[in-house]
Amino acid sequence: MEKKCFYITTPIYYASANLHIGHAYCEVISDTLARYERLKGNDVFFLTGADEHGEKIAKNASKNNMTPQEFVDHVYLNFQENWKKLDISYNKFIRTTSKEHMEVVQKVFTKLLNQGDIYLGEYKGWYCTSCESFWTDSQVGEKHLCPDCGREVHTETQEAYFLNCKKYVPQLLEFYKTHPNFEPGGKLNEMLNTFIKPGLEDLCITRSELSWGVPIKEDPKQVIYVWIDALLNYISALGYLSNDETLFNKFWGKDSTIVQFAGREINRFHSIYWPILLMALGLRLPDTIYIHGLLLTRSGVKLSKSLGNAPSPLPLIERYSLDALRYYMVREVQIGEDGTFTPKQFIERINNDLVNNYGNLLNRTISMIKKYYDGVIPQYKEPSNLATITLYKNIEETIKTYEADMDIYNLTKGASDVMSLLDLGNKFIQDSTPWVLAKDPNKKDLLDETMYVLVEVLRIGSILLKPILVTKADEALDQLNISTELREYNSIHTIGKLGGIKNNQPSVLFPRLDNEKEFSYLTELIDGPSKK
Ligand code: ME8
């Protein structure tokens, strides 16, 4: 297979507070894609990071008696811990307070200022003198009160720099037209109707009242307003405009496939301003901006840091394993749509798919091979029974459908394709009743092919689940005692090499979750102890 080059990115999350399961969700789906492409042998650069500038961070730092830098250094540890525990396979973690990144932001500003795409203008907004902050109409509400301190705000005008967005609208519209899969979730229309059709405004990209940000060399009283600083991470991380642009040329080059994930609340920045910024810089655009849905509470509210209604992923990993959480996120939340995190769905998804389906198939198969063959997988023979032949066909069809789904980033469907195959494996056991065949010496050949195909279902199913189940898929393959070679992705079309392998002892892959006990644990975790 020809090796392809992939650049996959997540948003860089604000280092204003610790991470929660919403962030973990985006991280897990992006990581799943990165692992899938690597599994297929492709060359992947997977980027994540932290957005470390902005007033909110400066304020949180002062509340904690820290300097902003001390504060973000502290939050950074939480980011590291979360991604380590979720086994996120990023190639680089970028921080916007790094010298390399800040230099790129300054160079980009200078370049765009010199070429006339950035100009000095006037910014008008609601201003709170006490907090020294500008707010938008919706933030101050009808009573025009500062959302932070509650004092009255007034309109104020300040000098600021703007990015000339209007100029690039025709080029942007042409790009959307010629790249219908740019945002595969169908969320571009909303952007067109809300922001572009009414007339896109130029974007204010600096503020003079802010202190914690990248200062502009040409005008030191101004600092870059967070979004331009943040968006540029995607190319500064690859060394754009640095002494060594090797990574940039490779992963932002024309032959690379660029897939960028972002949640729907930041769609505007990723599908409008980011492409405009790239056009102004004369750079190629990403192939895909995947706008994913958000995790909501049962009452339909976004799980968020500021509302304090979002649990950390850490206790969930601790209690249920990282793979249970990863699987839940990929399979239960339909990618591209909002999802609700509820205890009932969580428990059911784990019990139905991982315990009753996958774990059960593994356990039954190994136990029967132990009983009927002393633990040694029987030799492969050309199948003669229609049910066995059909199950082999199901394997081939599953691989095809799985790849087709994963290749268009439908990870939810990819996971369910594999589960359907495992389910067919369990049904096949019910229908072929190996325990009856085992009693009849004339049925020895049939028993052999029956048990053999089940191991192939488990082997191939486990390989396909590897991008999601980063430890348990290999644990299952360990129990079957499959060689390294036959765990590789390119072995999924090679059937018949497992005869003679002695299985290891079976053990429980995913423990069954007790409905009542876990329901009350999860409810307390989400709602707090008082609101059961
Ligand atoms: O917006 N459900 O950072 P942020 C699912 N720094 N995903 C969620 C989520 C939820 N309830 N809450 C957050 C920023 N996310 C900027 C980004 S990028 C150049 C700069 C995920 O900390 C989702 O991917 O608010 C969302 O877009 C991202 O975290 C926003 O994180």
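Use the structure listed above.
Bear in mind that the values here come from a model prediction, so they are computed numbers and not experimental data.

The rules behind these values
Residues numbered from 1 in each chain as written. Predicted model: local features only at pLDDT ≥ 70, side-chain atom pairs only at ≥ 80, totals over all residues. Heavy atoms only, no water. Helix = DSSP H or I, 4+ residues; strand = E, 2+ residues; numbered from the N terminus. Contact = heavy atoms within 4.5 Å. Areas by Shrake-Rupley, 256 points an atom, 1.4 Å probe, with all protein chains shown as cover. Lys, Arg positive; Asp, Glu negative; His and termini not counted. Charge placed at Lys NZ, Arg CZ, Asp CG, Glu CD. Pairing = 2+ DSSP bridges. Axes fitted to C-alpha atoms, helices over the stretch in contact; angles between N-to-C directions. Core = buried A, V, L, I, M, F, W, Y, C linked by side-chain atoms within 4.5 Å. Buried < 20%, exposed > 50% of the residue type's maximum accessible area, 1.4 Å probe, protein only.

When helices and strands are tallied, the chain shows 20 helices and 13 strands. Along the three orthogonal principal directions, the C-alpha set of the chain runs to about 90 × 55 × 40 Å. When contacts within the chain are restricted to residue pairs at least 6 apart in sequence, those whose partners lie at least 24 apart make up 77%. With an accessible surface of roughly 23,100 Å², the chain has 50% of that area assigned to carbon and sulfur atoms. Both charge centroids of the chain, one from 60 positive and one from 69 negative side chains, sit 3 Å from each other.

Now for the sheet that holds strand β10 (residues 256-263). Across the sheet, 5 strands lie side by side as β3-β2-β1-β10-β11; this open sheet has parallel pairing. Edge strands, defined here as strands with exactly one partner in the open sheet, are β3 (92-95) and β11 (288-292). The mean angle between the axes of side-by-side strands here comes to 20 degrees, regardless of whether they run parallel or antiparallel. In terms of strand pairing, strand β1 (residues 5-14) meets strand β2 (residues 43-51) through 8 bridges, oriented parallel. Within β2, the residue paired with Ile12 across the bridge is Gly49. Where helix α1 (residues 21-39) meets the sheet, it contacts β1, β2, β10 and β11, and its direction lies at approximately 170 degrees from that of β1. Sheet contacts for helix α3 (residues 68-85): β1, β2 and β3; angle to β3, the most-contacted strand, approximately 160 degrees.

The subject of this paragraph is the nonpolar core. Judged by nonpolar contacts, the single largest core of 107 residues is most densely connected at Ile8, Phe261, Phe346, Tyr358 and Leu469. Look past the residues within four positions of Ile8 in its chain and what remains in contact with it is Ser30, Leu33, Ala34, Val44, Phe45, Phe46, Leu47, Val259 and Phe261. Core analysis: the second largest hydrophobic core is formed by 62 residues, Val105, Leu172, Ala230 and Tyr240 among them.

To continue, consider the sheet that holds strand β6 (residues 154-163). The strands that make up a sheet are held in pairs by hydrogen bonds between backbone atoms, and each pair lies either parallel or antiparallel. Pairing is antiparallel across the open sheet formed by 4 strands, whose spatial order is β5-β4-β6-β7. For this open sheet the edge positions go to β5 (133-135) and β7 (203-204), each flanked by a neighbour on one side alone. Of the strand pairs in this sheet, strand β4 (residues 118-128) and β6 are connected by 10 bridges, and their pairing is antiparallel. Along β6, the bridge assignment pairs Ile118 with Leu163.

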